[in-house]
Amino acid sequence: MNQHDFVSGLVWLSFSISVAVEGITLGIGPFNNPGAGFVLFWSSLFLAVLSFCQVIRSVRPRAGGTLILHSFQDVAWINVLLSIMALVVYSALLAKAGFIVISFLFMVFLYWLGRIKLWVAATSALVTIAVAYSIFHFALLVQFPRGLCGW
Amino acid sequence: MWLVGGLQRKTVETINSLMFGFSIALQPENLFFCFLGSLLGTLVGVLPGIGPVGAIAILLPITFKLSTTGAIIMLAGLYYGAMYGGSTTSILVNIPGEAASVVTCMDGYKMAQQGRAGAALGMAAFGSFIAGTVGVVGLMLFALPLSRMALKFGPHEYFALIVLGLTFVIYLSHGSIGKAIMMCFLGLILSNVGMDPITAIPRMTLGLLELNDGINIAPVAMGLFGVGEVLLNLERTSVTELIKTKIKNLFPTRRDWSESKGALARGTLVGFFLGILPGGGHVVSSFLAYGLEKRLSRHPEKFGQGAIEGVAAPESANNSAATSSFIPLLTLGIPPNVSLSILFGAFLIHGITPGPFLIRDHPNVFWGVLSSMYVGNVMLLVLNLPLIPLWVQVLKVPDRYLYPLILLFCLIGAYSMRNSTFDIYIMIIFGALGYLFRKFAYEGAPLVLSFVLGPLLDLNLRQALLTSGGRFSDFFVRPISAVTLGLAIMVLASSVLPFVSRKLQIFKKVTDDQL
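Residues numbered from 1 in each chain as written. Chains lettered and ligands numbered in written order. Predicted model: local features only at pLDDT ≥ 70, side-chain atom pairs only at ≥ 80, totals over all residues. Heavy atoms only, no water.

Trainee: Would you explain the overall build of chain A in this entry?
Mentor: Counting its regular elements, chain A contains 6 helices and 0 strands. Listed N to C, the secondary structure of chain A is α-α-α-α-α-α in terms of helices and strands. Overall size of chain A, expressed as C-alpha extent along the three principal axes, is 60 × 45 × 25 Å. Excluding contacts between residues fewer than 6 apart, the proportion of contacts in chain A whose partners are at least 24 apart in sequence is 54%. (Helix = DSSP H or I, 4+ residues; strand = E, 2+ residues; numbered from the N terminus. Contact = heavy atoms within 4.5 Å.)

Trainee: I'm lost on the overall build of chain B in this one. Help?
Mentor: The helix and strand tally for chain B stands at 21 helices and 2 strands. Relative to its length of 515 residues, chain B is compact, with a C-alpha radius of gyration of 23 Å against a globular reference of 24 Å. Seen through its principal axes, chain B has C-alpha atoms that stretch 75 × 65 × 60 Å. Going through the 515 residues of chain B one by one, you find that 60% of them count as buried. Across chain B, the fraction of contacts at a sequence separation of at least 24, relative to all contacts at a separation of at least 6, is 78%. (Rg over C-alpha atoms; globule rule 2.2 N^0.38 Å. Buried < 20%, exposed > 50% of the residue type's maximum accessible area, 1.4 Å probe, protein only.)

Trainee: What exactly am I supposed to notice about the interface of chain A and chain B here?
Mentor: A common way to state how big an interface is: give the accessible area lost once the parts meet. Each partner contributes to the interface: chain A provides 64 residues, whereas chain B provides 56 residues. Between chain A and chain B the total buried area reaches about 5,300 Å² when both faces are included, carbon and sulfur atoms providing 78% of it. The three residues of chain A that bury the most area against chain B are Trp 12, Val 39 and Leu 87 of chain A, which together make up 11% of that side's buried surface. Where chain A packs against chain B, one counts 1 salt bridge. (Buried area = accessible area lost by both parts, 1.4 Å probe. Salt bridge = Lys/Arg side-chain N within 4 Å of Asp/Glu carboxyl O.)

Trainee: Help me out: how do you make sense of the layout of surface pockets in this one?
Mentor: Picture a little ball the size of a water molecule; that probe, rolled over the atoms, points out where space is still empty. In this model, the second largest pocket occupies a volume close to 1,100 Å³. Listing elements by their share of the lining of the second largest pocket, those giving two or more residues are α6 (118-139) of chain A together with α2 (28-46), α3 (52-59), α4 (68-92), α16 (363-395) and α17 (399-418) of chain B. Looking at which element gives the most residues to the lining of the second largest pocket, the answer is α6 of chain A, with 8 residues. (1 Å grid on protein atoms, 1.4 Å probe; cavity = no way out; pocket = protein on both sides within 12 Å on 5 of 7 lines; lining within 4 Å. Points joined across faces, edges and corners; volume = space filled by probe spheres on them.)

Trainee: Mind showing me how you'd approach the confidence of the model for chain A here?
Mentor: Detailed reading of predicted coordinates is not advised where the pLDDT is low. In this model, chain A carries a mean pLDDT of 88, and residues with pLDDT of at least 70 account for 96%. In the model of chain A, helix α3 (residues 68-71) of chain A stands out as the element of lowest mean pLDDT, 74, in contrast to helix α2 (residues 38-58) of chain A, which has the highest, 93. (pLDDT = per-residue confidence, 0-100.)

Trainee: I would appreciate a short explanation of the packing of aromatic side chains in the present structure.
Mentor: To describe a pair of aromatic rings, you give the distance between the ring centres and the angle between the ring planes. Tallied over the full model, the rule gives 30 aromatic pairs over all chains. Measuring from centroid to centroid gives 6.4 Å for Phe 31 of chain A and Trp 42 of chain A, while their planes differ by 25 degrees, and the two rings are stacked. A residue pair is termed long-range when its members are at least 10 positions apart, and Phe 31 of chain A in the loop between α1 (3-26) and α2 and Trp 42 of chain A in helix α2 qualify at 11 residues. For Phe 31 of chain A, a relative accessible area of 39% corresponds to the partly exposed category. Judged by centre distance (5.2 Å) and plane angle (15 degrees), the rings of Phe 46 of chain A and Phe 185 of chain B are stacked. (Phe/Tyr/Trp six-rings, centres within 6.5 Å; stacked < 30°, edge-to-face > 60°.)

Trainee: Got a minute to help me understand the pattern of salt bridges in this structure?
Mentor: Two side chains with opposite charge may pair up if their charged atoms get near one another. Residue and element names in this part refer to chain B. Per the stated rule, a full pass over the model turns up 14 salt bridges over all chains. The salt bridge involving Glu 229 is made with Arg 438; its shortest N-O contact spans 2.9 Å. Residue Glu 229 is located in helix α9 (residues 217-234), and its partner Arg 438 is located in helix α18 (residues 422-439); the two are separated by 209 residues in the primary sequence. Connected through salt bridges with shared partners, the residues Asp 196, Arg 203, Asp 458 and Arg 462 form a single ionic network.

Trainee: Can you help me understand α16 of chain B in this one?
Mentor: Structurally, the α-helix is built with 3.6 residues per turn, so residues lying three or four positions apart point the same way. Residues and elements named next belong to chain B. Along its 33 residues, α16 runs just 40 Å from first to last C-alpha, ending more than 12% under the 48 Å computed at 1.5 Å per residue. Of all the bends in α16, the largest measures some 70 degrees and sits at Leu 387, one to four residues before the proline Pro 389. Where burial is concerned, most of α16 is hidden: 24 out of the 33 residues are buried. (Expected span 1.5 Å × (residues − 1). Bend = angle between axes of the 7 residues up to and from the residue.)

Trainee: Explain the packing of helix α7 (residues 155-171) of chain B against helix α8 (residues 177-191) of chain B here, please?
Mentor: All names here are of chain B. Across the interface, α7 lies against α8 with an axial gap of 9 Å and an inter-helix angle of 140 degrees. Compared by their axis directions, α7 and α8 come out oblique. α8 is crossed by α7, and the crossing has right-handed handedness. Contacts between α7 and α8 involve Leu 166, Ile 170 and Tyr 171 from the former and Ile 177, Ala 180, Ile 181 and Cys 184 from the latter. The residue inventory of the contact of α7 with α8, partitioned by class, reads 7 nonpolar, no polar and no charged. (Axes fitted to C-alpha atoms, helices over the stretch in contact; angles between N-to-C directions. Parallel < 35°, antiparallel > 145°, perpendicular 65-115°, else oblique. Left-handed = near helix turned anticlockwise from the far one by under 90°. Nonpolar A, V, L, I, M, F, W, Y, C, P; charged D, E, K, R; others polar.)

Trainee: Mind showing me how you'd approach α6 of chain A here?
Mentor: For α6 of chain A, with 22 residues, the first-to-last C-alpha span of 30 Å sits near the 32 Å given by 1.5 Å per residue. Considered for burial, the residues of α6 of chain A that qualify are Ala 121, Ser 124, Ala 125, Thr 128, Ile 129, Ala 132, Tyr 133, Phe 136 and His 137 of chain A. Those residues of α6 of chain A that are buried lie in contact with α5 (99-113) of chain A together with α17 of chain B. Of the residues trailing α6 of chain A, Leu 141 of chain A is marked for its positive phi of about 55 degrees.

Written as structure tokens, this is what we have:
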């Protein structure tokens with residue numbers, strides 16, 4: 001079994017079914033007066049057929065024995081996971097902590113993740129934030145959230 | 001006599017328009033944006049990992065504060081600038097800075113290993129300049145008649161052209177055709193999120209007010225091509241090795257020129273005509289130009305061993321294609337590849353719809369951008385040759401400094417669009433999806449192109465059906481849409497037929513064995 005294609009095929013199949021239902025709810029309409037769900041329904045129907053074919057093909061013996069685990073072996077996937085978590089935390093705290101504080105912490109964390117010494121990471125983060133703030137806030141007039149500290 | 005008079009009038013008209021364009025492109029503000037775009041494009045091309053698509057997406061929100069002409073000049077400069085820069089990493093590191101330079105690695109890197117890095121880099125830069133400039137001349141000559149012709153297009157023709165564009169992207173995808181088609185439909189579904197343009201009913205908004213206007217192209221592209229690419233690179237532990245050679249003699253010798261002149265001319269022509277076709281023209285053209293040179297060469301065995309024609313042909317082809325790909329975008333309003341689909345988004349954000357009315361309604365934008373391409377090509381030649389040592393130093397910047405910076409720029413870019421964290425969340429979702437897509441062998445390009453073309457396809461298909469009383473046969477009665485759809489069917493069939501014929505052969509063999 002090709003686990004990659006099997007799992008992703010199932011995900012697309014369930015997604016397309018839910019979209020098709022949404023398309024029907026919105027109204028497909030007749031061909032001479034297509035409704036709001038017309039393209040949505042037909043696109044999801046084609047996607048459903050293709051994902052179903054993919055699921056069937058993936059379970060045949062000739063599809064090979066590809067395991068999802070293989071894709072994450074011998075790679076630093078933990079870096080990816082931590083980076084995504086850092087991005088989510090950044091977005092969640094941006095308004096409360098303010099751009100400067102949260103961006104500084106975010107950059108220090110990412111530099112540290114790249115095995116850079118903490119003091120070098122902190123200095124680099126400080127310089128990066130200063131440059132980014134100057135360009136975006138002063139030159140391009142982007143209004144960043146100031147947060148509870150006021151900066 | 002009448003014909004000569006008409007031609008003379010049109011030539012004078014074009015020259016006048018070009019002069020008008022130069023008067024806009026040479027304004028200090030636009031010159032600066034052209035320079036900035038070219039510089040950033042070269043940088044993006046030089047740095048492996050982030051391509052022109054990701055870079056245009058990241059810079060897109062920043063351009064909201066600029067004038068429309070300035071914004072498009074900068075983003076266009078970034079796009080064709082990346083074609084120039086892409087060759088540097090191909091030649092020095094054997095890693096293409098972007099997809100169109102993959103083929104340059106074969107002979108460029110070999111030349112560098114033989115101590116001829118300077119000649120390879122010089123030929124790549126000169127070839128790019130010549131092809132880029134010829135491409136702009138072609139763009140100027142083809143754009144006007146094509147946009148006049150496009151005025152006659154109705155919803156049937158537009159629908160057929162969009163289908164052809166999507167078919168080419170599917171056909172030219174690297175992996176499974178089935179998966180590329182699936183990505184295409186996924187893009188169409190996602191493009192339907194938001195208010196329906198005809199009935200004003202909210203579609204798939206999940207009750208979120210932010211989704212009423214639909215999903216913005218910038219966080220989607222930034223996520224898929226910026227964040228996704230960085231995440232993929234973060235899991236890699238290998239270190240890029242830079243070739244240790246002294247870069248000298250950047251000006252190709254007389255012998256180099258004589259060996260490459262045919263390759264340059266053919267590469268430019270191949271690139272120009274393939275660039276007009278929808279779907280990754282600049283990537284395909286570089287491969288095709290290389291293949292053509294190898295076939296025409298008296299010494300095909302030299303290819304892959306450091307032949308200068310192997311650098312000249314693909315580099316001229318990809319630059320010429322990058323320029324000519326603006327023709328369908330500016331005249332028909334149909335972006336032929338992913339980078340230009342984001343540029344299409346930039347036009348829309350600035351309240352301008354590219355297409356047949358662009359030249360009539362916004363001549364300052366059309367002629368300003370076109371003239372800036374002449375200026376940009378000169379800037380790129382001047383930038384590339386003396387700054388090659390600097391680009392080599394840039395290549396030495398460790399990834400652990402570079403990737404956090406890209407992520408921060410993505411975050412700022414996503415936030416600055418509407419001063420809202422909602423777009424950041426969208427970007428993170430598409431970033432994670434982009435990473436998983438690569439792991440599961442799905443391509444982002446068909447998704448983004450169909451996402452951008454989706455609203456146009458939806459509107460034109462429904463309008464066409466409304467006006468024709470629901471008759472699909474009308475698509476095959478109108479000559480332009482019939483030819484275009486016929487071409488799309490042929491392209492799709494050519495990719496599916498080998499698979500079917502293989503299956504038939506297996507079936508025949510099995511039945512023969514059983515008998």
